[in-house]
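Listed below are the residues making up each chain.
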Amino acid sequence: MKVGLGGLIVLVILSFVFKRDFVSLADTGGMSSGAAVEAPPANVSIAEDSLTQFIGSVLDDTQQHWTEIFAAGGQRYPVSTLVLYRDATPTACGTGQSASGPFYCPADQKVYIDLDFFTELHERFGAAGDFAQAYVLAHEIGHHIQTITGQSQAMRQRQERNPSQANQLSVRLELQADCYAGVWAHSAAQRNLLEDGDVEEGLAAAAAVGDDRLQKAAGRRVTPEGFTHGTSAQRMEWFRRGLSTGSVAECNTFQGVR
Ligand SMILES: [Zn+2]
């Protein structure tokens, strides 16, 4: 993918290991016997530096597109911030940990991605390429859109009314974020920002993070009722729908839900 420089990114490299034992600290009246701060913060590698620049420009481009979509509807788009971190980071939604994967926190309206996730995306989930990374970010910005338009909150209220439908409703929200990622990809394609193979990379990433694939990778039997993101086929289908139409209205994954 061809992109310029830029991006509103907070790069938080948390490589400190806090081994302070607060209980024993209190017990010994403040003697910090077991307290230690290990390891200086690791420098960002050259690979991570170029990754950061790339992700920054995708972030800019995605949010620029949403700014235009909102402006066309006479609305202002409030920008989100991306926090790249390592290991763990504080967020308004609790501690973000690399194990939880990329996520969006509605309370501070920020996207959190662990730097190592992109390596994992490639090595563990088999989704390589820069556009796979772009897709992941665009999906998270999709959750930002759902939050500022009130769709996320409406979904949560539906979940409270119908607890048995909670997973199914969550799937619909995730598929809509995939579709929104496609809406942005449509615009990037129209502006000739995509290179050969980019769309396939995006689709492969959408497939790689499908619940059925993740469950299988985790050695579990595939149980659709446990899905919270949708199957690989569903994720590809909705990404493709956004990509082919570029229309937000086409991302009506909640159609038929009361
Ligand atoms: Zn999601």
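Bear in mind the structure is a predicted one, so any value in this text is a computation, not a measurement.

Peer 1: Even after reading the chapter, I still don't get the coordination of the zinc ion, so can you show me in this structure?
Peer 2: All of the protein donors around the zinc ion are His139 (NE2), His143 (NE2) and Glu174 (OE); their distances to the metal are 1.9 to 2.1 Å. Mapping the donors of the zinc ion onto the primary sequence yields the spacing H-x3-H-x30-E. A residue pair is termed a helical-turn pair when its members lie 3 or 4 positions apart in one helix, as His139 and His143 do in helix α4 (residues 130-148) at four residues. Per residue, the accessibility class of His139 equals that of His143, and both read buried.

Peer 1: Looking at this structure, I do not really get the packing of helix α7 (residues 198-208) against helix α9 (residues 232-245). What am I missing?
Peer 2: For any two helices packed against each other, the geometry is given by the interaxial angle and the distance between the axes. Interhelical geometry of α7 versus α9 gives an angle of 145 degrees and a closest axis separation of 7 Å. Considering only the axes of α7 and α9, their crossing is right-handed. Contact with α7, carried on its side by Val199, Gly202, Leu203, Ala206 and Ala207, involves Ser232, Arg235, Met236, Phe239, Arg240 and Leu243 of α9 and no other residues of that element. When its residues are assigned to classes, the contact of α7 with α9 shows seven nonpolar, two polar and two charged.

Peer 1: Looking at this model, I keep getting lost on the packing of aromatic side chains. Mind explaining?
Peer 2: What characterises a pair of aromatic rings is the spacing of the ring centres plus the angle enclosed by the ring planes. Inspection of the entire model under this criterion finds five aromatic pairs. Here the aromatic rings of Phe103 and Tyr112 are separated by 5.2 Å at their centres, their planes lie at 15 degrees, and the arrangement is stacked. Each member of the pair, Phe103 as well as Tyr112, is classed as buried. Look at Tyr135 and Phe239: their rings are 5.4 Å apart centre to centre, the planes differ by 85 degrees, and that puts the pair in the edge-to-face class. With a gap of 104 residues between them, Tyr135 in helix α4 and Phe239 in helix α9 connect regions that are remote in the sequence. Each member of the pair, Tyr135 as well as Phe239, is classed as buried. Here the guanidinium or amino end of Arg241 rests over the ring plane of Trp238, the centre of that ring lying 4.1 Å away.

Peer 1: Can you help me understand the pairing of strand β6 (residues 94-97) in this one?
Peer 2: The side chains of a regular strand alternate between the sheet's two faces. When strand β5 (residues 88-91) meets β6, the two strands line up antiparallel, connected through four bridges. If you follow Ala88 over to β6, its bridge partner there is Gln97. Counting the residues in the hairpin turn of β5 and β6 gives two residues.

Peer 1: Looking at this structure, how should I read the pairing of strand β4 (residues 81-85)?
Peer 2: In terms of burial, β4 is a largely internal element, five of the five residues being buried. Residues Thr81, Val83 and Tyr85 line one face of β4 and the alternating positions Leu82 and Leu84 line the opposite face, and both faces are buried. Two elements, β4 and strand β8 (residues 110-114), share five bridges in a ladder whose sense is parallel. Bridge pairing in β8 places Leu82 opposite Val111.

Peer 1: Just to check I follow, could you spell out the nonpolar core for this structure?
Peer 2: Soluble globular proteins: nonpolar side chains tend toward being buried together. With 46 residues, the main nonpolar core has Met1 and Trp184 as its most contacted residues. Among the elements of the structure, α2 (46-72), β4, β8, α3 (115-123), α4, α6 (166-190), α7 and α9 are those that each provide at least two residues to this core. Not counting residues up to four positions away in its chain, the partners in contact with Met1 are Phe54, Val58, Asp130, Phe131, Ala134, Trp184, Ala188, Leu193, Leu194, Glu195 and Asp198. Among the nonpolar cores identified, the runner-up in size contains five residues, and Val83, Phe103, Cys105 and Tyr112 belong to it.

Peer 1: Where do I start with unusual backbone geometry in this structure?
Peer 2: Most peptide bonds take the trans configuration, and most residues that are not glycine carry a negative phi. Positive phi values are uncommon outside glycine, yet Gln109 reaches one of about 55 degrees. For Gln109, the location among the structural elements is in the loop between β7 (103-105) and β8. Although it is not a glycine, Asn192 adopts a positive phi angle of roughly 55 degrees. Locating Asn192 in the fold gives a position in the loop between α6 and α7. Since its relative accessible area comes to 56%, Asn192 is described here as exposed.

The rules behind the values
- Residues numbered from 1 in each chain as written.
- Predicted model: local features only at pLDDT ≥ 70, side-chain atom pairs only at ≥ 80, totals over all residues.
- Heavy atoms only, no water.
- Donors = N, O, S within 2.8 Å, 3.2 Å for Na, K, Ca; no water.
- Helix = DSSP H or I, 4+ residues; strand = E, 2+ residues; numbered from the N terminus.
- Buried < 20%, exposed > 50% of the residue type's maximum accessible area, 1.4 Å probe, protein only.
- Axes fitted to C-alpha atoms, helices over the stretch in contact; angles between N-to-C directions.
- Left-handed = near helix turned anticlockwise from the far one by under 90°.
- Contact = heavy atoms within 4.5 Å.
- Nonpolar A, V, L, I, M, F, W, Y, C, P; charged D, E, K, R; others polar.
- Phe/Tyr/Trp six-rings, centres within 6.5 Å; stacked < 30°, edge-to-face > 60°.
- Lys NZ or Arg CZ within 6 Å of the ring centre and 35° of its normal.
- Pairing = 2+ DSSP bridges.
- Core = buried A, V, L, I, M, F, W, Y, C linked by side-chain atoms within 4.5 Å.

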